[in-house]
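Residues per chain, in single letters:
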Amino acid sequence: MRRLPEDPQEIPPRKDSACRIRCRSIFAWLALIFCAGLLLAGETASRLPPVRLDGHYFTRNGKRFIPVGAHWVPARAGLHWPLAWDAGEIEADFRQMKALGFNTVRLDLFWAWFEPRPGDYNPEAFRQLDFLITLAHRYSLYLHPSLFIGGEVGEAWWDVSWRHGRNPQSDPEMLRLETNHAAELARRYKGEPAILAWDLTDEPPFWIAPAASDAVAINWTRLIAGALHRYDPGRPLVVGTSMEDVGHGPFRPDNIREEVDFFSVHPYTVYAQQLFPDPMLSVRPSWGAAFEALLSRGAGRPVMVQELGSSSAQYGLERAAAYDRVSLYSALGAGANGFLLWCYTDTALENYHVVPYLRSPHETQFGLTTWDRQERPRAREFRRFASIVGALDLDAVEPAPAEAAIVVPEEWSRPTGDFTHAGLEGPEILPYVSTTEGSPVAGVPLGAGADNAWITGSWLSAFILAQRAGLNPDFPREYEDWDQRPFVLLPAPLTATSASRVHVHTDFWLKALHYVEAGGSLYASVCGDAAIPGMERLFGARLEDHLPVADVTVRVVAPFGTLRPGDTFHFSANAGDPRHWAALLTVAGGTVVAVDGEGHPALVSHTVGKGRTLLSAYPLETYLSSVPSVFDKPEETYRIYRAFREWSGTAAHFEADNSAVQVSELRGGKRGYLVLVNHSAQPVSTRVKCSFPLSALRRIEPGQFVPIPIEQNTWRVDLEAYGGAVLEWTRPAAP
């Protein structure tokens with residue numbers, strides 16, 4: 001493997017990029033015509049079959065499959081590849097991508113290159129795309145084009161020269177031109193089977209116009225999607241969003257779900273350090289891809305992991321590979337239906353002198369390969385994963401239904417200014433106007449702010465605790481089917497009252513009472529801002545006051561599941577932050593399970609009708625979210641969740657004896673797949689048990705299925721540090 005230079009003096013002297021482009025362009029089209037001729041001459045009747053979405057997964061030739069690959073930017077030409085066209089180099093890239101195990105390639109369609117003047121399209125750009133489509137058929141690689149690029153790599157924005165300061169997301173003339181641009185591509189490539197799906201754009205809002213409101217995002221998506229669907233019906237559509245879900249951005253899934261066919265996530269935990277205050281390769285970030293996939297999927301569409309990775313200019317090669325590995329398997333278990341990494345290759349050394357790489361050193365080395373096509377450890381892990389998911393028979397298989405609902409409030413998910421669930425009916429003599437709406441009222445977009453960080457941090461903590469407790473969680477929206485899960489988890493601030501965006505509606509508590517009375521199990525944690533109408537009946541306790549706290553001790557005083565008197569939990573709190581304050585409870589019918597250091601009730605259990613509740617007087621999930629690397633230390637808060645599950649009498653279909661191991665199921669009647677993921681830095685040998693009899697069990701390895709012996713519905717699986725495995729299980733046939 002060629003060593004990348006560590007001394008700046010080793011970097012080759014800068015070449016004039018314009019000169020390089022002119023020199024290459026002399027022979028570019030001769031090479032293009034020559035290579036295209038060779039491809040067409042060797043082309044057989046075999047062509048890529050068209051793709052459609054079938055339930056949760058993509059399908060071709062009547063068989064479901066998972067798209068796997070990466071984003072393609074050539075090493076030498078970089079983001080100037082349309083101008084520095086080299087057909088031979090491009091075919092060599094496609095050949096290597098196929099050898100790496102790709103079946104899909106994501107790529108940019110630069111707006112300015114395809115449309116150098118308003119309404120005037122560049123025939124050379126379409127000839128290039130036609131050539132890429134020829135290569136796609138030749139090497140059996142689907143193309144996933146991203147339109148209106150746009151922002152790509154570091155701080156770059158590849159603008160159109162004729163924008164003249166207009167906002168491309170809201171200016172009427174720009175919207176007309178963008179709609180026409182999308183329609184032109186859809187007309188030309190209607191029904192082209194090599195195109196997997198249209199990606200409306202990469203990582204909106206557009207970087208040159210970031211102040212987009214919910215309405216702007218919805219209108220832009222609706223217009224572009226409408227043009228594509230009109231002229232290329234049946235083609236799946238997505239918007240390539242990055243952290244819009246956890247960041248509560250205007251292009252979040254809930255806003256665009258009516259216009260697209262699937263969602264994307266770009267789970268760059270290294271760029272979300274408030275949510276992930278940890279080393280890249282550590283426990284909490286190892287859950288990032290699965291967490292985002294499930295949070296987005298809760299809005300009602302399948303989810304693709306569309307970008308994922310880290311730069312070897314910042315992180316060790318093996319650590320980067322391990323991060324990919326754990327993220328891929330974890331998201332597979334969470335139901336992700338595709339995996340496209342960032343990116344195929346490092347950039348060549350001469351591009352270090354040229355923007356965007358000149359200003360963004362980390363972007364130079366994100367590749368599965370080096371710029372001279374030497375494979376990095378990330379490529380090894382990708383190839384292995386691609387081989388395993390390629391062996392899955394996903395017909396009639398779907399992600400298993402969740403066992404625990406972590407509720408997403410209506411006020412967080414709805415578009416700002418929408419009052420569908422405001423409880424108002426008919427004409428209003430005195431119109432209701434909310435002072436918290438911002439955008440529709442004052443014309444100013446609302447920022448995510450500290451409240452969003454509060455709820456996403458708490459969600460993430462609850463998600464990890466539930467997984468470690470053997471509960472398979474998801475994120476249903478408040479006005480959807482959360483009550484179909486046997487468990488509901490409501491960590492603070494869902495139980496709060498002041499910041500409306502991050503708590504449930506008042507009438508939710510009436511529904512919660514009916515849910516529990518009918519047999520559901522509900523857990524909630526509260527803080528000093530809590531307000532729960534009818535709390536005494538639901539939880540067997542009522543609020544008396546709030547308590548500023550710092551160091552928190554929770555000591556078990558009554559048997560509860562596998563918790564025993566004397567078991568103790570410790571937490572660090574910020575006494576100056578009301579979000580960390582405790583609630584002073586008076587018990588009224590409930591049972592005190594644990595107390596704090598002052599003897600106040602800390603955990604209260606209660607039986608209501610056929611169901612059960614557990615109330616924490618402390619916002620435990622908030623505490624965990626604010627402590628760096630908290631899950632890399634001995635951390636046993638999950639035992640509270642597990643004890644609640646045990647007390648409720650619910651057994652998981654599959655369960656591992658190691659809390660660090662994620663156990664996820666893809667289910668298909670009498671058969672399915674078990675995805676096991678080790679979210680720890682140590683190899684583990686875990687024993688897995690099943691609640692029903694199995695007739696066969698096999699571990700899927702590249703190129704083979706390895707039988708696993710079963711003893712009394714249990715078996716052992718070895719997992720490397722931050723490693724994963726996929727097991728195929730079969731139930732006995734009916735007699």
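Refer to the preceding data block for the structure.
Residues numbered from 1 in each chain as written. Predicted model: local features only at pLDDT ≥ 70, side-chain atom pairs only at ≥ 80, totals over all residues. Heavy atoms only, no water.

Asks: An account of empty space enclosed by the protein is needed here, citing residue identities and associated values.
Replies: Evaluated as defined, the whole model comprises four cavities of 30 Å³ or more. Taken as a whole, the largest cavity holds about 70 Å³ of empty space. What lines the largest cavity is a set of 14 residues, and nearest its centre among them are Cys-343, Thr-345, Thr-347, Tyr-357 and Glu-363. By volume, the second largest cavity amounts to about 50 Å³. Here the element with the most residues in the lining of the second largest cavity is helix α4 (residues 123–139); it accounts for four residues. Classifying every residue of the lining of the second largest cavity by side-chain character gives nine nonpolar, one polar and no charged. (1 Å grid on protein atoms, 1.4 Å probe; cavity = no way out; pocket = protein on both sides within 12 Å on 5 of 7 lines; lining within 4 Å. Points joined across faces, edges and corners; volume = space filled by probe spheres on them. Helix = DSSP H or I, 4+ residues; strand = E, 2+ residues; numbered from the N terminus. Nonpolar A, V, L, I, M, F, W, Y, C, P; charged D, E, K, R; others polar.)

Asks: I'd like a description of the pattern of salt bridges, backed by residues and values.
Replies: Under the criterion given, the structure shown has 48 salt bridges. The partner of Arg-383 in a salt bridge is Glu-375, and the shortest N-O contact between them spans 2.7 Å. Look at Glu-375 and you get partly exposed, because its relative accessible area is 34%. With a shortest N-O distance of 3.0 Å, Asp-567 and Arg-639 are connected by a salt bridge. (Salt bridge = Lys/Arg side-chain N within 4 Å of Asp/Glu carboxyl O. Buried < 20%, exposed > 50% of the residue type's maximum accessible area, 1.4 Å probe, protein only.)

Asks: Lay out the nonpolar core in plain terms, naming residues and giving numbers.
Replies: Counting 212 residues, the largest nonpolar core has Phe-102, Leu-132, Phe-339, Trp-459 and Phe-463 as its most contacted members. Contacts of Trp-459, omitting those with residues within four sequence positions, involve Phe-291, Leu-295, Ile-406, Val-407, Val-408, Pro-409, Trp-412, Phe-475 and Leu-494. If you look at the next biggest cluster of nonpolar residues, it comprises 19 residues, including Val-663, Leu-674, Leu-694 and Leu-697. (Core = buried A, V, L, I, M, F, W, Y, C linked by side-chain atoms within 4.5 Å. Contact = heavy atoms within 4.5 Å.)

Asks: An account of the sheet that holds strand β31 (residues 724–730) is needed here, citing residue identities and associated values.
Replies: By way of backbone hydrogen bonds, the strands of a sheet pair with one another, either parallel or antiparallel. With antiparallel pairing, the six strands of this open sheet are ordered in space as β12-β25-β26-β31-β28-β29. The sheet is open, and its two edges are formed by β12 (398–399) and β29 (704–707), each paired on a single side. (Pairing = 2+ DSSP bridges.)

Asks: Outline the sheet that holds strand β27 (residues 684–690), supporting the account with residue identities and numerical values.
Replies: Overall, antiparallel pairing links the three strands, which are arranged β24-β27-β30 in an open sheet. Looking along the sheet, the strands with just one partner apiece sit at the ends: β24 (654–656) and β30 (714–719). Sheet twist, expressed as the mean angle between neighbouring strand axes with direction ignored, is 30°. Here three bridges tie β24 to β27, and the two strands are oriented antiparallel to one another. Residue Phe-654 lies in a different strand from β27, and its bridge partner there is Cys-690. (Axes fitted to C-alpha atoms, helices over the stretch in contact; angles between N-to-C directions.)

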